[in-house]
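Residue-level listing of the chains:
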Amino acid sequence: MQIHSGLPESFNPDLYDMIVVGAGYAGSVCARRLAESAGFRVAVLERRDHIAGNAYDYVNEDGILVHLFGPHIYHTYNERVHTFLSRFTKWTDYQHKVLANIHGTLMPVPFNHTSLKLAFGDERGEELYQKLVDTFGENKKVPIMELRKKNDPDLVEVADYVYENVFLYYTMKQWGQTPDEIDPSVTGRVPIFIGDDDRYFPQAPYQGMPAAGYTAMFEHMLDHDLIDVFVGVDARDIFEIGETNVNVCGKCYGGEIVYTGPLDELFNLDLGALPYRTLDMVFETLDEDQFQPVGTVNYTTSEDFTRITEFKNMTGQVLPGKTTIMKEFSHAYEPGSGQTPYYAIIDPKNQELYERYLDRVQNLTNFHPVGRLAEYRYYDMDAVTASALELSDEIIACHA
Ligand code: FAD
Ligand code: UDP
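Everything numeric here is computed off the predicted structure, so don't read it as measured data. (Residues numbered from 1 in each chain as written. Chains lettered and ligands numbered in written order. Predicted model: local features only at pLDDT ≥ 70, side-chain atom pairs only at ≥ 80, totals over all residues. Heavy atoms only, no water.)

The next subject is the sheet that holds strand E13 (residues 239-241). With antiparallel pairing, the 3 strands of this open sheet are ordered in space as E13-E14-E15. Looking at strand neighbours, the two that pair on one side only are E13 and strand E15 (251-252), the edges of this open sheet. Relative to strand E14 (residues 246-248), E13 runs antiparallel, the two being bridged by 3 bridges. Counted as the bridge partner of Phe239 is Val248 from E14. (Pairing = 2+ DSSP bridges. Helix = DSSP H or I, 4+ residues; strand = E, 2+ residues; numbered from the N terminus.)

Turning next to the UniProt feature "domain: UDP-galactopyranose mutase C-terminal" (unreviewed entry) in the protein. Mapped onto the present numbering, the UniProt feature "domain: UDP-galactopyranose mutase C-terminal" (unreviewed entry) falls on residues 166-378. Strand forms 27% of residues 166-378 and helix 22%; the C-alpha atoms that close the span are 21 Å apart. (UniProt positions renumbered as here; feature names shortened; annotations may be inferred.)

Moving on: the nonpolar core. Core analysis: the largest hydrophobic core is formed by 120 residues, its most contacted members being Tyr25, Val42, Val44, Phe111, Val162, Phe239 and Leu263. When residues of this core are assigned to their parent elements, the largest contribution, 9 residues, is made by helix H6 (residues 153-175). For Phe111, the contacting residues outside a window of four places in its chain are Ile102, Leu116, Ala119, Tyr161, Val162, Val166, Ile192 and Phe193. One finds Leu99, Leu286, Ile308 and Ile325 within the second-largest nonpolar core, a separate group that totals 8 residues. (Core = buried A, V, L, I, M, F, W, Y, C linked by side-chain atoms within 4.5 Å. Buried < 20%, exposed > 50% of the residue type's maximum accessible area, 1.4 Å probe, protein only. Contact = heavy atoms within 4.5 Å.)

What follows concerns the site of ligand 1. For ligand 1, the set of nearby residues contains 33 residues, the closest of which are Glu46, His72, Ile73, Tyr379 and Met381. With respect to ligand 1, the side chain of Arg48 contributes an N or O atom lying 3.4 Å from an oxygen atom. Taking Ile73, its main chain carries an N or O atom lying 2.7 Å from an oxygen atom of ligand 1. Contact with the protein chains hides 97% of the accessible area of ligand 1, taken as 990 Å² for the molecule alone. Contributing elements (two or more residues each) for the shell around ligand 1: helix H1 (25-38), strand E3 (42-46) and helix H12 (381-398). Looking at side-chain class alone, the shell around ligand 1 contains 16 nonpolar, 9 polar and 8 charged residues. (Near = heavy atom within 4 Å. Polar contact = N/O pair within 3.5 Å; in protein donor to acceptor, adjacent residues only side chain to side chain. Areas by Shrake-Rupley, 256 points an atom, 1.4 Å probe, with all protein chains shown as cover. Nonpolar A, V, L, I, M, F, W, Y, C, P; charged D, E, K, R; others polar.)

Attention shifts here to the packing of aromatic side chains. Working definition: an aromatic ring pair is given by the centre-to-centre distance plus the angle between the planes. In this structure the tally under the stated criterion is 21 aromatic pairs. Relative to Tyr357, the ring of Phe267 has its centre 6.0 Å away and its plane inclined at 20 degrees; by these criteria the two rings are stacked. Of this pair, Phe267 sits in the loop between helix H9 (263-266) and strand E17 (276-286) while Tyr357 sits in helix H11 (residues 348-362), and the two are 90 residues apart along the sequence. One exposure class covers both Phe267 and Tyr357, and it is buried. For the pair Phe283 and Phe311, a centre-to-centre distance of 6.0 Å together with 15 degrees between the ring planes defines the contact as stacked. You can see Phe283 sitting in strand E17 and its partner Phe311 sitting in helix H10 (residues 311-315), a full 28 residues away along the chain. These aromatic residues form a ring-pair network of at least three members: Tyr276, Tyr333, Tyr354 and Tyr376. (Phe/Tyr/Trp six-rings, centres within 6.5 Å; stacked < 30°, edge-to-face > 60°.)

This next bit is on unusual backbone geometry. In this structure, Pro110 follows Val109 across a cis peptide bond, with omega equal to 0 degrees. With respect to the helices and strands, Pro110 occurs in the loop between strand E8 (105-109) and helix H3 (113-120). Residues other than glycine seldom take positive phi values, yet Leu269 does so here, at roughly 60 degrees. Relative to the helices and strands, Leu269 is located in the loop between H9 and E17. Unlike most non-glycine residues, Asn366 shows phi in positive territory, near 55 degrees. Counting through the fold element by element, Asn366 comes out in the loop between H11 and strand E22 (367-369).

Taken together, the 7 strands give an open sheet; going across it, the order is E8-E7-E18-E19-E20-E17-E21, and neighbouring strands pair in mixed fashion. Each edge of the sheet is formed by a strand with only one pairing partner; in this case those strands are E8 and strand E21 (343-344). Sheet analysis places E17 next to strand E20 (residues 323-332), joined by 10 bridges and oriented antiparallel. Note on E20: the bridge partner recorded for Glu284 is Ile325. Of the strands in this sheet, strand E7 (98-102), E8, E17, strand E18 (296-299), strand E19 (307-310), E20 and E21 are in contact with H6, which crosses E17 at around 100 degrees. (Axes fitted to C-alpha atoms, helices over the stretch in contact; angles between N-to-C directions.)

Once that is clear, we can look at the pairing of strand E12 (residues 227-231). Counting buried residues in E12 gives 5 out of 5 residues, a clear majority hidden from the surface. Both faces of E12 are covered, namely the face carrying Ile227, Val229 and Val231 and the face carrying Asp228 and Phe230.

Near ligand 2 there are 17 residues, and of these Trp175, Arg189, Tyr200, Tyr343 and Tyr378 occur at the shortest range. A distance of 2.6 Å separates an oxygen atom of ligand 2 from a polar atom in the side chain of Tyr378. Relative to its unbound accessible surface of 520 Å², ligand 2 loses 94% to contact with the protein. Looking at the shell around ligand 2, the elements with two or more residues in it are H6 and helix H7 (184-187). The dominant element in the shell around ligand 2, judged by the number of residues it contributes, is H6, at 6 residues. Here the residues of the shell around ligand 2 are counted per class, giving 10 nonpolar, 5 polar and 2 charged.

Spelled out as structure tokens, the structure:
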């Protein structure tokens, strides 16, 4: 593999069987699979000046490995995904834990047995816990919006407490809307957990951090003789989208195109912009060993930011006397402003707009949208990897 900065004058798209737009999970997984399983020569175009997409990490000026685009914790139930990614990295045994700062008291999130006792006191907490166990069973996950539908007074008490103190203010900060207004799948990502497991992803069989970091994992994934990577290249500068084909560098391109950017951008937002939330990430290095007890503390009843991440707590890096923390401030994304479109806003109206763009790219020969942006989905890393593996299977099968 070679990583080129910018596109050389001599770049000839016809030398490549496939052009991949974006060097995040979606693009890098497809590039690797097609290179090694179909013998494709692949050009990866990435508009940022680095690979790894939003999972990019790097050692900052204080010597601390940080995640530039927000804390990324790998977890999956999907064996195929885990087997594939494990070819390119070893994993630490990090198990992510999150505490919510609720009026100054730190309680485990997902809200669990321990949180109940901290919130309601040992005796009442235990009673309420037993009611949850009797109703749903032990080691079960219950989304807050499901719990809110129950009529039992004890369950209403728990639901009201958790809704008010864990979800309402945090969700308002993150989405500008209440939990009732947003798609239930979003809050359903962090269900109440009826048990003692205080990990953020209880029951996920595979979890950890890439031992040498995410960027190193992507370097290995893209390290293949048939893959060329060009960073600092916006595909839109060399693409022209026609009715049924894409011109690349002024010529009709006959190979496959895997596109992992936003679909609306391909058409200059002519049907309207797909709405996103973006984040301002504010990093700070402190002259202390450790700032907080876990990787992430969510501020669910106070502050303007949603959460504070302390990277050393997640990566396991040992560096006495210094630690880098990061606060996330969420707001609406403005297209063309240079902001990063982080979170698709899942609702029927936005989905309908997305489908209208999708209809247009589905008319394009050999053009494959995949990933968090191109599918306009709230996708975790493992789900994007799974989607890219499936797309790769399809392209490989077409060329068998
Ligand atoms: P991206 O990583 O966004 O990659 C797309 C790439 O395409 C980008 O690098 C972009 O620059 C490039 N691109 C777009 N348009 C063009 C163009 N025209 N030309 C050239 N290049 C282009 N997932 C987890 O599993 N665990 C977590 O803990 C977790 N934490 C997260 C925290 C935050 C704050 C956010 C926002 C996401 C988190 N995720 C997490 C989700 C994870 O980031 C995504 O699932 C994953 O990065 C998506 O990969 P992707 O390839 O689809 O998109
Ligand atoms: N959420 C919340 N309080 C919390 C944790 C999560 O209100 O303490 C809600 C919030 O709406 C958030 C969603 O649940 O956007 C999903 O949380 P997750 O931690 O999965 O968000 P991500 O890590 O993807 O930003």
